[in-house]
Amino acid sequence: KESAILVAARRKDGGEVVMGRALRETQDVEGSLREALKVALIPTVLVILAIGLLFANRTLQRLDRLRETMSRIMDGRLDLRLPVTGERDEIDQVARAVNLMLNEIARLLDQLKQVGDNIAHDLRTPLAVVRAKLERALAAEPQAAQSQIETALAQLDRVNAAVAALLRISAVERADRRQRFRELDLARLCADTAEFFEPLALNQSLRLVAETSEPVTLRGDEDLLREAIANLVENAIKFTPPGGSVHIRAVRGPDGPRIEVADSGPGVPPGERHKIFRRFYSAPSETGELGHGLGLSIVRTIAELHGLEIAVEDNAPGARFFLRPAAELTARRLAL
């Protein structure tokens, strides 16, 4: 028996016309396709499985390399980084993120090591002086002993100031300080700071000028920014000889808000401009006294918390310190 399709129509004279077509060819083609599918299905499935196994094996190998590298990192090899294949898939994205985190951890550990070394080096001298002064005081006359003890107390005050500054830097670096950010006027902060330090400037025969014309707004922590400006002004007064001047102002530049503190002192030699922001680096002031070397480090920490950077340039004569939007932040804004 064969399958067929029939069509019938009645004619006007009463007859009928019947037309039909056998389905053998269609069935033959259908049968051939079925046979071909049966033959090709198994190889196709096998190829798909092989491809799947290949990709799965590659993924497992990458995960094994990641796991091995992470185990070595946890064993103390902080110089290692997770391998990145360049395929830009999810695994590579995770590896890049972890590598960035490891870079930051390594930077912080190195900074911590440097701080520890600097603390040991910076505190050893005043503590040794204190011990020597006290030993001499024990064997000296009462009046001479008083002088020795006063010198020892001054050294202890220096140690306490360094410890307090380190604790302050640690407190500023806490991320939760950003919860206190709000819109504030930098020009007003500069004017308030100048008013606060004016008696000190007059006492040292200096002219302190606050150049404020219009509000300069920035979102930040008012107390921290006030502290940063105060440190810059105090530093300028410390290094400016009698008869000089210190200028402070807040302006809105093309890259964002900017704070400037300029003085007419000896300035900062080009070779030292990259050193003065390091912790415990201290240059002698006009009076010859040494600080604990953490004032500018505190300013830098506060600046970084607000997305700013601190820099210094020649003021001819003197030095000009300024806080401005960090270079990478400015580049990101331009890209947008």
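Structure: above.
Position numbers for residues count from 1 along each chain, tracking the sequence in the order it is written. Predicted model: local features are reported for residues with pLDDT of at least 70 only, side-chain atom pairs are reported and counted for 80 or more only, and whole-chain, interface and lining totals are derived from all residues. Only hydrogens and water are set aside; all other atoms, that is, all heavy atoms of the structure, feed into the side-chain values.

Colleague: Sorry if this is basic, but what is going on with the packing of helix H4 (residues 186–203) against helix H5 (residues 222–239) here?
Modeller: When two helices pack together, their arrangement is given by the angle between their axes and by how far apart the axes lie. Interhelical geometry of H4 versus H5 gives an angle of 40° and a closest axis separation of 10 Å. Comparing their axes, H5 and H4 come out oblique. Both H4 and H5 take part in a crossing whose hand is right-handed. Facing Leu186, Arg188, Leu189, Cys190, Asp192, Thr193, Phe197, Leu200 and Ala201 of H4, the residues of H5 in contact are Glu222, Leu225, Arg226, Ile229, Ala230, Val233, Glu234 and Ile237. In this analysis an axis means a line fitted to C-alpha atoms, helices contributing only their contacting stretch, and an angle means the value between N-to-C directions, from 0 to 180 degrees. Secondary structure elements follow DSSP: runs of H or I of four or more residues count as helices, runs of E of two or more count as strands, with numbering from the N terminus. Working rule for angles: under 35 degrees goes down as roughly parallel, over 145 as roughly antiparallel, 65 to 115 as roughly perpendicular, anything else as oblique. Crossing handedness follows the turn of the near helix against the far one: under a right angle anticlockwise gives a left-handed crossing, and clockwise gives a right-handed one. Residues are treated as being in contact if the distance between any of their heavy atoms lies within 4.5 Å.

Colleague: Looking at this model, I keep getting lost on helix H6 (residues 295–305). Mind explaining?
Modeller: Within an α-helix, residues lying three or four positions from one another point in the same direction, as the helix has 3.6 residues per turn. Judged by how many residues are buried, H6 sits mostly within the fold: eight of 11 residues are covered. The buried label goes to any residue with under 20% of its type's maximum accessible area, the exposed label to any with over 50%, and the partly exposed label to all in between, with areas taken from a 1.4 Å probe on protein chains only. For H6, the complete set of buried residues consists of Leu296, Ser297, Ile298, Val299, Thr301, Ile302, Ala303 and Leu305.

Colleague: Would you mind showing me how to read the sheet that holds strand S7 (residues 256–263) here?
Modeller: Sheet strands pair via backbone hydrogen bonds, and the direction of the pair is either parallel or antiparallel. Pairing between strands is defined by DSSP: at least two bridges between them are needed. A sheet is described by the order of its strands in space; here five strands give the open sequence S4-S6-S7-S9-S8, paired in mixed fashion. Because the sheet does not close on itself, it has two edges, and the strands there are strand S4 (207–211) and strand S8 (308–314). Taking the axes of each pair of neighbouring strands and ignoring which way they run, one obtains an average angle of 15° across the sheet. Alignment of S7 against strand S9 (residues 319–325), held across four bridges, turns out to be antiparallel.

Colleague: Just to check I follow, could you spell out the pairing of S8 for this structure?
Modeller: The two faces of a sheet get side chains in turn, since along a regular strand they alternate between them. As judged from the seven bridges shared by S8 and S9, these two strands associate in the antiparallel manner. Following the sheet pairing, Ile310 is matched in S9 by Leu323.

Colleague: Could you clarify how one ought to interpret the side chain of His306 in this entry?
Modeller: Relative to the elements of secondary structure, His306 occurs in the loop between H6 and S8. In the analysis that follows, any N or O atom pair within 3.5 Å is treated as a polar contact, provided that within protein one partner can donate a hydrogen and the other can accept it, and provided that, for residues neighboring in sequence, both atoms belong to side chains. Only 2.9 Å separates the side chain of His306 from the backbone nitrogen of Asp221, close enough to count as a polar contact. A distance of 2.8 Å separates a polar side-chain atom of His306 from the backbone oxygen of Ile302. Setting aside residues no more than four positions away along its own chain, His306 makes contact with Phe181, Arg219, Gly220, Asp221, Leu224 and Leu225.

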